[in-house]
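Now for the letters of each chain:
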Amino acid sequence: MNENFTNSDILIQYLDGELEGEQLLAIREKIATDKNLAAELESLRLTRTAVATYGLKKTIGSVHTEMMKELANQTPAPVISMRNLLKYGLRVAAVLLLVAGSAAVFQYFTATPEKLFNDNFEAYQLTETRGNANSNLLETAYKNGRMQDVMDAFKQLTVPQPQDYFLQANAALRLRNAPAAIASLQMLQKINAGNNAHYYEDDIEYYLGLAYLDNNQPAMTLPIFERIHADKNHPYHKKISPWLMQKLRRLADQQAVSR
Amino acid sequence: MGTERQLPDSIILAVLRSDKAPDEAIRQLYRSQFGVVANYIKQNNGTDEDAEDIFQEALLSFIEMVRKDKFRGESSIGTFFYAIARNTWLNELKKRGRSKLRDEKFEKAKDATEMDISHYIVHRELRAKLMRTIDSLGETCKKILLAFYYENLAIKDILQNLQYENEQVVRNKKYKCLKQLEQMIVTDTQLAENLQSILHE
C-alpha cells in the first residue's frame with residue numbers, strides 16, 4: 001500500500017471502491033482482524049451517508065422555496081390590509097355591538113337543527129392544490145366538488161377504504177342526505193373499532209354530530225358535541241362554541257319534551 | 001401553472017431510486033401531497049409554518065425509505081406519504097407536550113399504523129443538529145463531499161469546478177474532509193451515539 005496514505009485514507013478509498021487487487025485484499029484482512037479499524041470504517045460510512053442526507057435536505061429546501069411560490073400563485077390567499085381592517089372594522093364593530101344582543105336572543109329562540117347544521121357545516125377540505133393524476137375517481141370527484149359522482153363512485157367500490165367512507169359521508173352531507181352520511185360514518189367507526197384503527201377518528205365524531213343535526217336528531221348530536229366541547233385538544237374544539245352548545249341543549253330538551 | 005404533467009407513482013419512485021437529480025420528483029410530490037398534509041396539520045393544532053416544516057421532514061424520510069427499498073409501491077405514494085407526515089406531526093405534538101390526552105391519542109394512532117415507519121421518524125432535533133454540524137464544515141469541504149457523495153460526480157468533473165492542480169489533490173482533499181467531518185461527529189457524544197438511527201441505518 002502507498003506509504004503516504006494513512007489508515008483512514010485507505011479506509012475511505014476502500015469505502016469509495018477505489019481499491020483493487022492486493023490492496024483490496026490487504027485492507028479486507030486488516031478490517032476483519034482489527035476491531036478499531038472496523039469501527040472507524042463504519043463511522044466513515046455513516047459520515048458519508050450523513051453527507052448524502054445533508055445534500056438531499058438542501059435540495060428539498062431549495063425546491064420548497066420554489067414550490068411555495070408556485071402553490072401560493074395557484075391559490076392566492078386573500079390579502080387583508082391591517083390598516084383597512086382596523087379602519088372599517090371599528091366602524092362595523094360599533095354597529096354590530098348594537099344589533100348583536102337582539103340578534104342573539106332572536107337566534108336562540110328561533111334555532112332549529114337544520115339552521116344549526118347550515119350554520120356549522122363546512123365540507124371536509126381534502127386538498128387545496130391541483131389533483132393528483134393517481135387519485136381514484138371518488139377522490140377526484142370529491143376534490144372537484146362533484147358530490148353525486150362521489151356517491152355513484154362509492155357504490156361501484158367492492159371494498160371501500162376508510163377514506164372512501166369518509167368522503168362519501170361528506171358528499172352525502174353536501175347533498176343533504178343525512179341518513180347516508182350517518183350510515184357511512186357509523187360504518188367507519190365500526191371498522192376502526194374492529195381493527196383497533198383510528199382513521200379520521202376526530203373528523204368522524206364531528207361530522208357525525210352534524211349529520212345527526214341535519215337528520216333532526218339534536219339529542220344524538222348533544223353528547224358528541226359535549227365531548228368535543230370539553231376536549232380542548234380536539235381538532236374541532238374551536239368549532240363548538242359555548243353559544244352553539246346553548247342552542248343545542250335547548251333543541252335537545254325541546255325534542256325530549258315533545259316526545 | 002396547471003400544465004405541468006403529473007408523473008405516475010412508478011416514475012417518481014424510479015427517479016428517486018436512481019442517481020438522477022430528484023428535483024422534479026420532489027416538485028411532483030409538492031403538487032400532489034402538500035395540500036393534503038398541510039390541511040391535516042392545520043386541522044390538528046398546527047400552523048402554516050408547522051405544515052411547511054413537517055412536509056419537508058416527511059419528504060426527507062420518504063425519499064430515504066424509497067432509496068432503502070422500504071417502500072416499493074405497495075400502496076399509493078399518497079397513502080404512504082400521508083402516513084409518514086401524520087406520524088411526524090404526531091411525534092412533534094408529543095414532543096411539544098400539548099397534553100396527556102394527545103399523548104394517549106398518539107400512542108393509539110401509532111399502534112394502528114399499518115406500515116412500520118415509526119423507525120424512520122427520527123427526532124427532528126438530532127437530525128437538525130447533524131445538519132448544523134455539516135453546515136459548519138468549510139465551504140470547500142462541503143462542495144467536494146457533496147459533489148462526490150450526493151451528486152455522484154467523478155473526480156475529474158469535480159476538478160473542473162474547483163481550482164486544484166490535479167485529480168490526486170482533489171482525492172486527498174476529499175479524504176481529509178471526510179475524516180474531518182467524521183471527527184466532528186464522533187466527538188459529539190449525542191450525535192455519535194444516535195448516528196445510526198438518525199440516518200435510518
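Position numbers for residues count from 1 along each chain, tracking the sequence in the order it is written. Chain labels run from A onward and ligand labels from 1 onward, assigned in the order the entries are written. pLDDT decides what is reported in this predicted model: residues at 70 or higher carry local features, side-chain atom pairs at 80 or more are listed and counted, and totals for whole chains, interfaces and linings draw on all residues regardless. Side-chain measures here rest on the full set of heavy atoms in the structure, leaving out hydrogens and waters.

Visitor: Before we go on, may I ask you to explain the overall build of chain A in this structure?
Guide: Within chain A, the regular secondary structure consists of 12 helices and 0 strands. Put simply, DSSP marks the helices as runs of H or I at least four residues long and the strands as runs of E at least two long, and each gets a number from the N terminus on. Along the chain direction, N to C, the helices and strands of chain A fall in the order α-α-α-α-α-α-α-α-α-α-α-α. Within chain A, buried positions represent 44% of all 259 residues. Sequence separation of at least 24 residues holds for 57% of the intrachain contacts in chain A that already meet a minimum separation of 6. For every residue, the accessible area (1.4 Å probe, protein chains only) is compared with the maximum for its type, and the residue is labelled buried under 20%, exposed over 50%, or partly exposed between those bounds. Note on contacts: a residue pair is in contact if any heavy atoms of the two residues lie within 4.5 Å.

Visitor: What am I meant to see in the environment of Asp-203 of chain A here?
Guide: Considering the arrangement of structural elements, one finds Asp-203 of chain A in helix 10 (residues 201–214). Setting aside its immediate chain neighbours within four residues, Asp-203 of chain A contacts Tyr-124, Phe-166 and Tyr-236 of chain A together with Gln-43 of chain B.

Visitor: Would you explain the state of the cysteines in this entry?
Guide: In protein structure, a disulfide is the covalent linkage between the sulfur atoms of two cysteines. Residues and elements named next belong to chain B. Sulfur atoms of two cysteines make up a disulfide when they are within 2.5 Å. Taken as a whole and judged by the stated rule, the model has 1 disulfide over all chains. Bridging Cys-141 to Cys-177, the disulfide has an S-S length of 2.1 Å. Across the S-S bond of Cys-141 and Cys-177 the torsion is about -75°, and the bridge reads as left-handed. Remark: Cys-177 occurs in helix 9 (residues 167–186) and Cys-141 occurs in helix 7 (residues 139–149); sequence separation between them is 36 residues. The pair Cys-141 / Cys-177 is uniform in exposure class, with both members buried.

Visitor: Honestly, the side chain of Glu-205 of chain A in this entry has me stumped. Any pointers?
Guide: Residue and element names in this part refer to chain A. Topologically, Glu-205 is positioned in helix 10. Pairing of N or O atoms within 3.5 Å defines a polar contact, subject to two protein rules: one partner must be a possible hydrogen donor and the other a possible acceptor, and residues neighboring in sequence count only if both atoms are side-chain atoms. Within the local environment of Glu-205, its side chain forms a polar contact with the side chain of His-234, the two groups lying 2.9 Å apart. When near neighbours in sequence (up to four residues on either side) are disregarded, Glu-205 contacts Ile-224, Arg-227, Ile-228 and His-234.

Visitor: It is not clear to me how the packing of aromatic side chains should be interpreted in this structure. Could you clarify?
Guide: Given two aromatic rings, their pairing is described by the distance between the two centres and the angle made by the two planes. Stacked, tilted and edge-to-face are the three classes applied to pairs of Phe, Tyr and Trp rings, where Trp contributes its six-membered ring and a pair requires centres within 6.5 Å; stacked means planes under 30 degrees apart, edge-to-face means over 60, and tilted covers the rest. For the structure on display, the rule yields 22 aromatic pairs over all chains. Taking the centre distance of 5.3 Å and the plane angle of 70° together, the rings of Phe-154 of chain A and Tyr-165 of chain A count as edge-to-face. Placement of Phe-154 of chain A in helix 7 (residues 147–156) and of Tyr-165 of chain A in helix 8 (residues 162–174) is noted, with a sequence separation of 11 residues between them. Among the residues examined, Phe-154 of chain A registers a relative accessible area of 14% and is labelled buried. On the accessibility criterion, Tyr-165 of chain A (13% relative accessible area) is buried. Judged by centre distance (5.1 Å) and plane angle (75°), the ring pair of Phe-34 of chain B and Phe-55 of chain B falls under edge-to-face. Separated by 21 residues along the polypeptide, Phe-34 of chain B in helix 2 (residues 23–43) and Phe-55 of chain B in helix 3 (residues 48–67) bring together distant segments of the chain. When its relative accessible area of 11% is taken as the criterion, Phe-34 of chain B is described as buried. Sitting over the ring of Phe-148 of chain B, Lys-174 of chain B keeps its end group 3.7 Å from the ring centre. By definition here, charges over rings are those cases where NZ of Lys or CZ of Arg is within 6 Å of the ring centre and within 35 degrees of the ring normal.

Visitor: Teacher, can you tell me more about the confidence of the model for chain B here?
Guide: In regions of low pLDDT, the predicted coordinates are not meant to be interpreted in detail. Residues and elements named next belong to chain B. A residue's pLDDT is the predictor's confidence in that residue, given on a scale from 0 to 100. When pLDDT is averaged along chain B, the result is 83; 84% of the residues meet or exceed 70. This stretch, residues 99–103, has a pLDDT under 50; its non-local contacts, to residues over four places away or in other chains, come to 9 contacts. A low-confidence stretch, residues 111–115 (pLDDT under 50), is modelled with 9 contacts involving residues beyond four sequence positions or located in other chains. Overall fold confidence (pTM) sits at 0.56, and the ipTM for the predicted complex is 0.87.

Visitor: For this particular structure, what's the right way to read helix 3 of chain B?
Guide: Three- or four-residue spacings in an α-helix give side chains the same orientation, since the helix completes a turn every 3.6 residues. Take the residue count of a helix, subtract one, and multiply by 1.5 Å to get its expected span. Taking 1.5 Å as the rise per residue, helix 3 of chain B with 20 residues should run 28 Å; its terminal C-alpha atoms sit 29 Å apart, in good agreement. Helix 3 of chain B sits mainly inside the fold: 15 of its 20 residues count as buried.

Visitor: Any chance you could explain the interface of chain A and chain B here in plain terms?
Guide: The accessible area lost on association of the parts is a frequent measure of interface size. Every contact between the two is made by 59 residues of chain A and, on the other side, 66 residues of chain B. Between Lys or Arg on one side and Asp or Glu on the other, a salt bridge is scored when a side-chain nitrogen of the former is within 4 Å of a carboxyl oxygen of the latter. Close ionic contact of Lys-58 of chain A with Asp-135 of chain B constitutes a salt bridge, the shortest N to O distance being 3.8 Å. Counting across the interface, chain A meets chain B through 17 residue pairs in polar contact (both at pLDDT 80 or more). Elements supplying a minimum of two residues to the side of chain A that touches chain B: helix 1 (7–15), helix 3 (35–74) and helix 10 of chain A. Counting residues per element, the side of chain A that touches chain B draws most heavily on helix 3 of chain A, at 29 residues. Here the residues of the side of chain A that touches chain B are counted per class, giving 21 nonpolar, 21 polar and 17 charged. The classification used treats Ala, Val, Leu, Ile, Met, Phe, Trp, Tyr, Cys and Pro as nonpolar, Asp, Glu, Lys and Arg as charged, and all other residues, Gly among them, as polar.

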